[in-house]
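A look at the structure
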Amino acid sequence: LLWPTDDADADGATRVMATIFFLTAGAALVALRKRRSEQDGRRDPVFVRRRRSAKQNAPGAQLAWGLSDAEHDDVDASISRLKASRTDEWGADVDGDLVISSLVDADAAMSADNDDSTKDGGDRGPQWVDTVEGLERMVAELARHKVIGVDVEQHGRHSFQGVCCTLQLSVPGHDWVVDALALPPPAVARHLRPIFTNGAIIKVMHGCNNDLMWLQRDWGIRVVNLFDTSVAARELGRPNVSLAVLLRDFGVTMSASEKHTFQAADWRLRPLSDDMLRYARDDSRYMVRLRARLIASVLKRNGAEAVADVLQRCDDMCLKRYEVAAVPTVSDALRSWVRLSRSRRPAARHLPESWTDTAAHAAPSASAAAASSHDDGSRSMAALMKWRDHVARTNDASVKAVSPLDLLFDIAVAAAAHRNVFAWVAAAATSGSPAPPAPLELLIAATGLNREALPRLLVGNAQSAVAAVSDASKLPELPVRGGAGGDADGEGERMTSASAREAMKAKRYEKFKERYSVSKPVYSNCRLLRPDGTLLTFCDINKIKWYLVRKIATLEPGTGGRVARLNFEPNSPDGSGEVATAERKSQPYYDNAKRNQCVRCGGQKHLLRYSIVPRLYRTHMPERFKSHRSHDIVLLCMSCQNEANKAEAQLTAEITEEYGVPLDGGPELDWMRELSNNARSARGAATALMKNGDKLPDDRVEALRDKVQRYFAGIGAGDDDIDELIRRGVKLEGPDVSSAGRWTHGRAVIIKVAAAGELEDFIKRWRRHFVATVRPAHMPPQWDVDHAVVRSFGVRSKFYRGDDAADDAAGDQDRISQYRGVEWDATAEKWQASLWHKRKERVLGQFDSEEDAAKRYDDEVLKLFGHQAVTNFEPK
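To keep things clear, this report deals only with the structure shown in the data block. (Residues numbered from 1 in each chain as written. Predicted model: local features only at pLDDT ≥ 70, side-chain atom pairs only at ≥ 80, totals over all residues. Heavy atoms only, no water.)

1. Focus on the pattern of salt bridges
The test is simple: Basic side-chain nitrogens of Lys or Arg form a salt bridge, by our definition, when they fall within 4 Å of a carboxyl oxygen of Asp or Glu. Numbered from the N terminus, helices here are DSSP runs of H or I no shorter than four residues, and strands are runs of E no shorter than two. Only protein chains enter the area calculation, which uses a 1.4 Å probe; residues under 20% of their type maximum are buried, those over 50% are exposed, and those in between are partly exposed.
Per the stated rule, a full pass over the model turns up 24 salt bridges. Arg 765 is the partner of Glu 658 in a salt bridge, and the nearest nitrogen-oxygen pair spans 3.1 Å. Of this pair, Glu 658 sits in helix 27 (residues 638-659) while Arg 765 sits in helix 32 (residues 759-774), placing them 107 residues apart in sequence. Overall, the relative accessible area of 49% leaves Glu 658 in the partly exposed class. A salt bridge links Arg 710 to Asp 706, with the shortest nitrogen-to-oxygen separation between them at 3.0 Å. Note that Arg 710 and Asp 706 are positioned in helix 29 (residues 698-714) at a spacing of four residues, about one turn of the helix. Overlapping salt bridges, with partners in common, bring together Asp 73, Asp 76, Arg 222 and Arg 321 in one network.

If you want it as C-alpha cells, here you go:
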C-alpha cells in the first residue's frame, strides 16, 4: 500500500521507510542491551567525572577538608620522631637471625591466609567499596592489622591536577578497591586519615612518590610510617625494581604491553572490567608479604643499619607536601623553547600571500614591531604557555589536553615570522575589521594540521590563543632570572636563545652533580679497638662488618654498632726494617677521624673520591703498593676535581714523554684500531640499508650488503640470512680503543718504573704534584707526602707470602723483587686470557685460520709487556 507510483514519490518514501527501519532497529537493540545488563546485574560502562573549579585549580588553593598548617606540623613532628627512632630500632644489638626467622614465618602465615581466602570457589576478587557503610566496615578491619598494602590509580588527562579513581588496600586474606569517584571526598578523608597517620600501622607501597601527593591532593591524607618496596629493592642492588618484576616471586606474571595497557587505561570507567579489578588488586595484595621478604634480604645482605637507612629514606618521602602547580614562568617557557629548538625546529610555515599582503596594510604597527623585534618565537612561546595554563585551569583539563608543547612551538615559530598576520587576525576578531581569516583557520595554517587533528580545547579557544600570541609582541625582551648583568629580579639582561642554553646547561650540570656524587658519607669514622681496649684505627662500617661476620671481633655495647673490639692481637710492624719503620711512622694518620669535605675548598656537597696516583697507573701496581692504602684517596667536590684533572693531565703528558710510551697505546694497538674501523664500517653499511635500502640504487645496495656479509663471514657468522645480518649489524660495537690505549700506557709505564726500582719515588712524585698544583687546604690530619708507600701483610691476608715476613730491610727488599716478577707474569697471563675472550670473534675475522690469530696474539702480548709472556697458552 505504501509503494509509490512515480519516481518523485519513490525517493521520499524510501527515505521515510529507511528512517522508520533504523529507528525501530535502534530501539530494539537498546531494549535488548538494557535487559541483558539487568540480567547480568551490571550497568552500561560510563565515564564518571569529578570536576574542579578554576578557583580550586588556582596556585595555593587548599582543600576545604584538608589539614591545617598546625595539623601538618604535627604530622611532620610524628614523622621526624619516627625517623630518629629508626637507628635505635635497627641498631647493632638486633638479632638478625631471629628477625629473619620471624619474617619468614610471617610470610608463610600470610601466604596461608591468602590461600584460605581463595580456597572456596577460587579467587573471588577484591571487595568493591562504593558506600560510606562499606568504607566504615573496611576501616574497622584495617585497624586490626599492623601492616597494610596500599596503591592508588588516578586519571590525569581530563583533570588539571589529576583525580584519584580507585584506592586499593590489602591485608592478609582481604583486598578492597575503594571507588574514589563515588564516595564523597570528606567522608574518605574522615575515615582513612586516622589509619594513614597512625604510626603504629605500617603502610607498604611501591614507587609511591606520586601516590603520596595524590592522597594529599584529593583527601588531605598524610602518611606516617611508610615502607616503599622500590627503595628496599634498590638497596639490594637490583637492576630492575619495577613491581612487575618483584611480583614474579609470587607467581604474578604480566607482560610489558599488558602493564602499559592498564597504566594508560582510563580508570574513570564504571564498572571496571574484571581484568582492571584484578590488576588493581594485585598492586596492593602482595605488598605486606613483599615487605617481609625485602627486609629479610636487606638484613641478611647489608645488615640492620641498611634497614634503618631504607626506613629513613621512606620517612623523608612522607615529609613532602602537595602544592597546586604554579603558573608557568618565563624560565619554564625558555627551557621548553630551547629543548624543542634542538630537537625539532621547523622552518616557519608559509602563510598565503594574500594574508601577509593584506596584514601589512591592515596592521602596520605590528609589521614594524616584527621587523624591529629580535624575538625568535620564545616570547610567543611564553605567552602561549601562560594561555594554555589558564585554559586548562578554567576547563579542569590537563595542559596536554589543551595543546601539546610541540603544537605551541609550531604556532610560536609561525608568529615570530608573521607577527603582523596574527595581530591583524586578533584585531579583526575583536573589532570586526573586514576580510580576515578566522583564528582557527590561522592556527591550522600555522601547524599544518586539519581541524580534526587539533585538540578540542585548542579549537574551542582558538580566538584567545591568537590574541595571546598578538599580545606577546608587546612584551619586553625576556630577562634572565638572576643572570649575570641583571639584578635579583632578573632585569637587565635580555634572554636570548644562547643565554637560555647556558641556563639549561647549568641546570643539567647541577642534576649531573646530584646523580654522580657520593650519596652517603664516605668516612663513617668507626673505631676498631685492640683486645686491651686501646684504639687501633678509624675505619669504615663495612670493615667492622667484615670482622663481625668472621667472628673475630665483638661490638662494644652502647656505641650504636660503630665500635668493635678485636678478639686477637693484630700484627704490629715490629722490627728495624725499612718497611716496618715507615709503617710505624705513618700510623698516626689512621688514628684520626676524617671529615667528609673537599680537601681543596672545604665544601661538603657533590663530593667524589679522587685518587692522587691516577688509576691508570695505580691499577697495575703490586698489591703491597695499593691494597688498603686510603692515604692517597681523598675527597674533592666536582668543581675542584675538574681543576685536579687538568693538573693530572699535565704530569701524565710529562710521564708519557719521559718514558716514551704513547697515551693511546701507539702502534701496538693498530690491530685494535683496525678492528674498530671494520666494525664501524659494517655498522654504517647496515644502518644505511635499514633506513634507506629501498631508495638506494641497486649497485649501491649490493655493495653495502657485500660489506656486511664480508664482516660477519670473517667472524664465522656469515651463513645467516642477509636481513638478519643487517639487523645485527645495526647494533655492532667495536673495541674501546681509547680505554685499551690508556690501559696499555699505564701498564708499560709501571713495568718500566718497577724494573728501575722507582715505584716509591713515582708515588711520592704524584703526591708532591697534587700538593703543588691543587693546593689543598683541608687535608686529613697527619697526611704527609712521605707517608709509607709499601705495606706488610698479616697472616690472615690473602696476599701473605709465608713465614719469611720478618720486616728487616734486606728481607723485605728481596720479597719485593720476588713479588714483582711473579706479579707481572701472572697478570700477563690473566690479561691475555681476558683479551682473548673479549675479542676472539673479531680477531678471527682478520685471519685465515685460528692458528694465525693465536700467533698474532702472542706477538701482541710480547710487544705489549716488553718482557717474557706465557707461551703456548691456549684459552679455555
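Next comes the rest of the description.
2. Topic: the nonpolar core
The line we're drawing: To form a nonpolar core, buried Ala, Val, Leu, Ile, Met, Phe, Trp, Tyr and Cys residues must be joined to one another through side-chain atoms within 4.5 Å. Contact definition: two residues touch when any of their heavy atoms are within 4.5 Å.
Of all hydrophobic cores here, the largest spans 74 residues; its most connected members are Met 138 and Leu 169. Sequence-distant contacts of Met 138, that is, excluding residues within four places in its chain, are made with Val 129, Leu 169, Trp 176, Val 178 and Leu 192. Among the nonpolar cores identified, the runner-up in size contains 43 residues, and Met 381, Val 402, Leu 408 and Val 469 belong to it.

3. What about the packing of helix 28 (residues 670-692) against helix 29?
Short version of the rule: The axes used here are C-alpha line fits, helices contributing only the stretch in contact, and every angle between their N-to-C directions lies in the interval 0 to 180 degrees. To sort the angles, those under 35 degrees are grouped as roughly parallel, those over 145 as roughly antiparallel, those from 65 to 115 as roughly perpendicular, and the leftovers as oblique. Crossings are classed by handedness, with left-handed meaning an anticlockwise turn of the near helix from the far one by less than a right angle and right-handed meaning a clockwise turn. Polar here means any residue other than Ala, Val, Leu, Ile, Met, Phe, Trp, Tyr, Cys and Pro, which are nonpolar, and Asp, Glu, Lys and Arg, which are charged; Gly is therefore polar.
Interaxial distance between helix 28 and helix 29 falls to 9 Å at its minimum, and their mutual angle equals 135°. Looking at the two axes, helix 28 sits oblique to helix 29. As for how helix 28 packs across helix 29, the hand of that crossing is left-handed. Within the contact between the two elements, helix 28 uses Asn 678, Ala 679, Ser 681, Ala 682, Ala 685, Ala 686, Ala 688 and Leu 689 and helix 29 uses Val 701, Leu 704, Arg 705, Lys 707, Val 708 and Tyr 711. Counted by class, the contact of helix 28 with helix 29 contains 10 nonpolar, two polar and two charged residues.

4. Focus: the pairing of strand 14 (residues 633-637)
Threshold: Whether two strands pair depends on DSSP finding at least two bridges between them.
Counting buried residues along strand 14, four of its five residues qualify, which places the element largely inside the surrounding structure. Alignment of strand 13 (residues 607-611) against strand 14, held across five bridges, turns out to be antiparallel. Bridge pairing in strand 14 places Ser 611 opposite Ile 633.

5. What about the pairing of strand 12 (residues 563-566)?
As judged from the three bridges shared by strand 9 (residues 526-529) and strand 12, these two strands associate in the parallel manner. Among the inter-strand pairings, Leu 528 is bridged to a residue of strand 12, identified as Ala 564. Of the strand pairs in this sheet, strand 11 (residues 553-555) and strand 12 are connected by three bridges, and their pairing is antiparallel. From the neighbouring strand, Leu 555 faces strand 12, where its bridge partner is Ala 564.

6. Side note on the environment of Trp 337
One can find Trp 337 in helix 13 (residues 330-344). Note on Trp 337: relative accessible area 1%, which makes it buried. Taking the C-alpha atoms as reference points, Trp 337 and Arg 379, 42 residues apart in sequence, are found 9.4 Å from one another.

7. With respect to the packing of aromatic side chains
Filter applied, for reference: Planes of paired rings set the category: under 30 degrees apart is stacked, over 60 is edge-to-face and the rest tilted, where pairs are Phe, Tyr or Trp rings (Trp by its six-membered ring) whose centres lie within 6.5 Å.
On inspection of all chains with the given rule, the structure shows seven aromatic pairs. An angle of 20° between the planes, with centres 4.9 Å apart, marks the rings of Phe 262 and Tyr 279 as stacked. Residue Phe 262 is found in helix 9 (residues 256-263), and its partner Tyr 279 is found in helix 10 (residues 274-285); the two are separated by 17 residues along the sequence. Of the two residues examined, Phe 262 and Tyr 279, each falls in the buried class. Look at Tyr 610 and Phe 770: their rings are 5.9 Å apart centre to centre, the planes differ by 25°, and that puts the pair in the stacked class. Linking Tyr 610 in strand 13 with Phe 770 in helix 32, this pair joins segments that are 160 residues apart in sequence. Using a relative accessible area of 5% as the deciding quantity, one classes Tyr 610 as buried.

8. Remarks on the environment of Glu 674
By secondary structure assignment, the location of Glu 674 is in helix 28. Remark: the alpha-carbon pair of Glu 674 and Pro 735, spanning 61 residues in sequence, is separated by 9.7 Å.

9. What about the state of the cysteines?
The following threshold applies: Cysteine sulfurs are considered disulfide-paired once they come within 2.5 Å of each other.
One pass over the full model with this rule turns up zero disulfides. Free of any disulfide, Cys 539 has its nearest cysteine sulfur in Cys 526, 5.8 Å distant. Look at Cys 539 and you get buried, because its relative accessible area is 10%. Cysteine Cys 601 shares no disulfide, and the gap to the nearest cysteine sulfur, in Cys 598, comes to 3.6 Å. Judged by relative accessible area, which is 43%, Cys 601 ranks as partly exposed.

10. Description of unusual backbone geometry
Negative phi values dominate among residues other than glycine, just as trans dominates among peptide bonds. In the segment running from Arg 270 into Pro 271, the intervening peptide bond is cis, with an omega of 0°. Along the chain, the position of Pro 271 falls in the loop between strand 8 (269-270) and helix 10. The phi angle at Asn 225 is positive, at roughly 70°, despite the residue not being glycine. On the secondary structure map, Asn 225 appears in the loop between helix 6 (209-219) and strand 7 (226-228).

11. As for the packing of helix 11 (residues 287-302) against helix 12 (residues 304-318)
Viewed as axis vectors pointing N to C, helix 11 and helix 12 meet at an angle of 135°, and their least axial separation amounts to 7 Å. The angle between helix 11 and helix 12 falls in the class oblique. When helix 11 is examined against helix 12, the residues Ile 295, Val 298, Leu 299 and Asn 302 are found in contact with a partner set consisting of Ala 304, Ala 306 and Val 307. Considering only residue class, the contact of helix 11 with helix 12 consists of six nonpolar, one polar and no charged.

12. Quick notes on the side chain of Asp 211
Formally: By the counting scheme adopted, Arg and Lys are positive, Glu and Asp are negative, and His together with the chain ends is not counted.
One can find Asp 211 in helix 6. The charged side chain of Asp 211 is buried without a salt bridge, its nearest counter-charge being Arg 217 at 9.6 Å. In this structure Asp 211 touches Asp 151, Val 152 and Met 205, once residues within four positions along its chain are discounted.

13. Overview of helix 20 (residues 439-447)
Threshold: Each C-beta atom gives one direction from the helix axis, and the arc is the one those directions make.
Of the residues making up helix 20, those classed as buried are Pro 439, Leu 440, Leu 442, Leu 443, Ala 446 and Thr 447. Seen along its axis, helix 20 keeps its buried residues to an arc of 155°; they face one direction. At the C-terminal side of helix 20, Gly 448 shows a positive phi close to 75°.

14. Observations regarding the sheet that holds strand 9
Paired through their backbone hydrogen bonds, the strands of a sheet run either parallel or antiparallel. A sheet is described by the order of its strands in space; here four strands give the open sequence 10-9-12-11, paired in mixed fashion. The open sheet has two edge strands, strand 10 (535-539) and strand 11, and neither has a second partner. Each adjacent strand pair in this sheet contributes to an overall mean axis angle of 25°, direction not counted.

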